[in-house]
Amino acid sequence: MDRFAGIAAIGVPKPETMADRVANVLREAIAKGTLRPGTVLRQDELAARFRFSRMPIRDALRQLEAEGIVSIHPTRGAFVAEMDRAEIRDIYAVRELLESEALRLSVPKLDKERLAEAKSILERLDLEADIGRWGALNRAFHLSLYGACGNNRLLALIEAQHKTADRYVRVILSNLDYRARSQAEHREMLDRCAAGDAKGAVTSLRKHLRDASRALVRSTMK
Ligand code: NI
């Protein structure tokens with residue numbers, strides 16, 4: 001008798017659900033500003049628009065709520081979360097705490113493969129024009145440098161913060177100057193990591209995150 005019948009095997013990638021597809025479309029529209037902060041997201045309207053039942057719509061909204069992109073109010077329903085300066089500062093303060101610790105732990109253990117991986121992601125970033133993919137590659141670059149920290153929970157927390165920050169980050173990624181500056185900072189970080197200079201790498205990372213936070217806060221003042 002198989003006592004574990006009905007339990008999904010580990011390692012099988014999760015297929016994209018209808019809710020994921022709805023969440024992707026909404027995430028993109030919010031990042032591009034097609035759906036402005038404060039816009040009400042009614043389940044019945046979205047269900048009609050996507051020609052899905054309300055169930056995947058509700059799941060998608062919950063998913064986006066967990067990412068901080070959508071707010072769900074008990075009586076007013078779901079709406080696009082506001083761009084909030086205080087929240088940006090909070091996210092970046094948390095990112096700085098978590099990521100500088102992960103980098104500090106990781107640098108002494110970074111091997112050639114990880115450094116080569118980080119370098120190849122950087123080169124792809126130089127060529128990437130799509131903002132969504134740029135964001136994903138940026139996340140992959142950061143995580144490749146933290147990957148040897150030896151603490152999976154810490155890495156999971158970092159990933160969650162990146163996802164919350166994503167909708168804000170996309171706003172500044174449309175600025176080419178910001179992307180060029182960001183890449184220069186990435187190079188500096190990578191060089192210091194390759195030299196085994198954990199302290200220097202953490203200093204570069206802090207500067208990188210503070211610069212992003214300032215650029216974001218500025219972008220909310222427009
Ligand atoms: Ni970055």
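Residues numbered from 1 in each chain as written. Predicted model: local features only at pLDDT ≥ 70, side-chain atom pairs only at ≥ 80, totals over all residues. Heavy atoms only, no water.

A. Main features of the overall build of the protein chain. Of regular secondary structure, the protein chain possesses nine helices and three strands. For the protein chain, the α and β elements follow one another from N to C terminus as α-β-α-α-β-β-α-α-α-α-α-α. Viewed in the frame of its principal axes, the protein chain has a C-alpha envelope of about 65 × 55 × 30 Å. For the protein chain, restricting intrachain contacts to residue pairs at least 6 apart in sequence, the fraction spanning at least 24 positions comes to 73%. For the protein chain, the distance from the average site of its 39 positive side-chain charges to the average site of its 31 negative ones is 2 Å. (Helix = DSSP H or I, 4+ residues; strand = E, 2+ residues; numbered from the N terminus. Contact = heavy atoms within 4.5 Å. Lys, Arg positive; Asp, Glu negative; His and termini not counted. Charge placed at Lys NZ, Arg CZ, Asp CG, Glu CD.)

B. Local environment of the domain arrangement of the protein chain. What the domain assignment lists for the protein chain is domain 1 (18-80) and domain 2 (85-220). Using only C-alpha atoms to locate each centre, domain 1 and domain 2 end up separated by 28 Å. Between domain 1 and domain 2, the contact holds eight residues from the first and four residues from the second. Together domain 1 and domain 2 conceal approximately 620 Å² of surface at their shared face, both sides included; 52% is due to carbon and sulfur atoms. Counting the surface domain 1 buries against domain 2, the share from its top three residues, Ala31, Glu67 and Ile69, is 56%. At the boundary of domain 1 and domain 2, one finds zero salt bridges. Joining domain 1 to domain 2, the criterion identifies zero residue pairs in polar contact (both at pLDDT 80 or more). With three residues, the top contributor of residues to the side of domain 1 that touches domain 2 is helix H1 (residues 18-32). (Domains from an automatic or database assignment. Buried area = accessible area lost by both parts, 1.4 Å probe. Salt bridge = Lys/Arg side-chain N within 4 Å of Asp/Glu carboxyl O. Polar contact = N/O pair within 3.5 Å; in protein donor to acceptor, adjacent residues only side chain to side chain.)

C. Quick peek at the packing of helix H2 (residues 43-50) against helix H3 (residues 54-66). Where H2 contacts H3, the two axes come as close as 9 Å, and the packing angle between them is 115°. Here H2 is positioned roughly perpendicular relative to H3, judged by the angle of their axes. With respect to the hand of their crossing, H2 and H3 are arranged in right-handed fashion. Side by side, H2 and H3 meet where Gln43, Asp44, Leu46, Ala47 and Phe50 of the first sit next to Arg54, Ile57, Arg58 and Leu61 of the second. The residue inventory of the contact of H2 with H3, partitioned by class, reads five nonpolar, one polar and three charged. (Axes fitted to C-alpha atoms, helices over the stretch in contact; angles between N-to-C directions. Parallel < 35°, antiparallel > 145°, perpendicular 65-115°, else oblique. Left-handed = near helix turned anticlockwise from the far one by under 90°. Nonpolar A, V, L, I, M, F, W, Y, C, P; charged D, E, K, R; others polar.)

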